[in-house]
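# Structural overview
Residues per chain are reported as follows:
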Amino acid sequence: MEKEGLLIEPEFNNISKYLESGERTKVTDKIKEISNRINGQNDGMLIRNILVWMNRNTLRLQNSKDNRKFKRTADEILESKERTGCCDSSTLFTALARSRNIPTMQIITLNKEWGKRIDRGENIGTLGHYFVACYLRDNAGKYDWTLIDSDRRAQDIQDVRLRKLDKENRNIDENYYSFAYVRDYSDIVYNGIKIDSIENMAKIQVAAYRQCNIKDLFFEDEKER
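This write-up is about the structure you can find in this document. Here the structure is a predicted model, which is why all the values come from computation and not from measurement.

Membership of the largest hydrophobic core comes to 25 residues, with the highest contact counts inside it found for Ile31, Ile50, Met54, Leu92 and Phe93. For this core, the secondary-structure elements that each account for two or more residues are helix H1 (29-35), helix H2 (43-57), helix H3 (74-80), helix H4 (86-98) and strand E4 (128-137). Every residue in contact with Ile50, bar those within four places of it in the chain, is listed here: Ile38, Phe93, Leu96 and Ala97. By size, the runner-up hydrophobic cluster in this structure holds 21 residues, among which are Leu110, Ile118, Ala180 and Met201.

Quick look at the packing of aromatic side chains now. Counted under the stated rule, the structure contains 9 aromatic pairs. Each ring, one from Phe70 and one from Tyr130, has its centre 6.1 Å from the other, and the planes form 35 degrees; the classification is tilted. Taken together, the residues span a long stretch of sequence, with Phe70 in the loop between strand E1 (59-60) and H3 and Tyr130 in strand E4 at a distance of 60 residues. Accessibility classification places Phe70 together with Tyr130 in one group, the buried group.

So, about the pattern of salt bridges. Opposite charge on two side chains allows them to pair when their charged atoms are near. Scanning the entire structure with this criterion turns up 16 salt bridges. Two residues, Glu23 and Lys194, come together in a salt bridge whose shortest N-O distance is 3.0 Å. In this pair, Glu23 sits in the segment before H1 while Lys194 sits in strand E9 (residues 193-194), placing the two residues 171 residues apart along the sequence. Here Arg68 ties to Glu82 by a salt bridge, and the two come within 3.0 Å at their closest N and O atoms. Separated by 14 residues along the polypeptide, Arg68 in the loop between E1 and H3 and Glu82 in strand E2 (residues 82-83) bring together distant segments of the chain. Taking the relative accessible area as the measure of exposure, Glu82 reaches 25% and is therefore partly exposed. Ionic contacts of the salt-bridge type, sharing partners, join the residues Glu23, Arg24 and Lys194 into one network.

The next subject is the pairing of strand E5 (residues 143-148). Within E5, 5 of the 6 residues are buried, which leaves the element mostly enclosed by the surrounding structure. Both E4 and E5 contribute to a ladder of 6 bridges, which runs antiparallel. Across the sheet, residue Arg137 finds its bridge partner in E5, namely Tyr143. Linking E4 to E5, which pair antiparallel, is a turn of 5 residues; within it Gly141 sits at a positive phi near 85 degrees. Note: E5 against strand E6 (residues 163-164), 2 bridges, orientation antiparallel. When the sheet's bridge partners are listed, Thr146 is paired in E6 with Lys164.

Definitions and limits used
- Residues numbered from 1 in each chain as written.
- Predicted model: local features only at pLDDT ≥ 70, side-chain atom pairs only at ≥ 80, totals over all residues.
- Heavy atoms only, no water.
- Core = buried A, V, L, I, M, F, W, Y, C linked by side-chain atoms within 4.5 Å.
- Buried < 20%, exposed > 50% of the residue type's maximum accessible area, 1.4 Å probe, protein only.
- Helix = DSSP H or I, 4+ residues; strand = E, 2+ residues; numbered from the N terminus.
- Contact = heavy atoms within 4.5 Å.
- Phe/Tyr/Trp six-rings, centres within 6.5 Å; stacked < 30°, edge-to-face > 60°.
- Salt bridge = Lys/Arg side-chain N within 4 Å of Asp/Glu carboxyl O.
- Pairing = 2+ DSSP bridges.

Encoded structure:
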């Protein structure tokens, strides 16, 4: 895996680490109470049902300047019944999944088109996405890391997409490039800056992008174009 611009490396073999609570993803009694109501005949179905529950019982807001962004715990998000964006979605999902003993990491990315605009000198703040990865057993009975967009609208389990996480390529897809794989996004501290505001999220994202190997921000077929 390319290391340039990678602020926190994944520990794919340290499974127990991703069952630990962090500052934002603490598993409280309320989190446990809710997650225990969610059924699933296997871990794959359980996480699908967790996402469906989140969409039916919390509201995903579209206000990009909400001052609660990057500040709240999973418990506070649950209490408000409002998610301010992908960070909140991944935080709540991570706590709910871990409370059911599913190892879960947050994956923080930058938008590749945003990077190009930053290179052109545009001042456009922050633009990226928070994904999650769960350590799940596949149909063959083998465990591996599965990538999930916990912010994706899911009113039914058919809306939930699961795919194997590429553990070598930081290009999550054609739009997003990862720069941190974390137990909890509050674990990131860069030059004394934590992700605790929109402004600090932007600073950390720019810092990570400036250190990246720009040629690595594309899939192989994109490099050939």
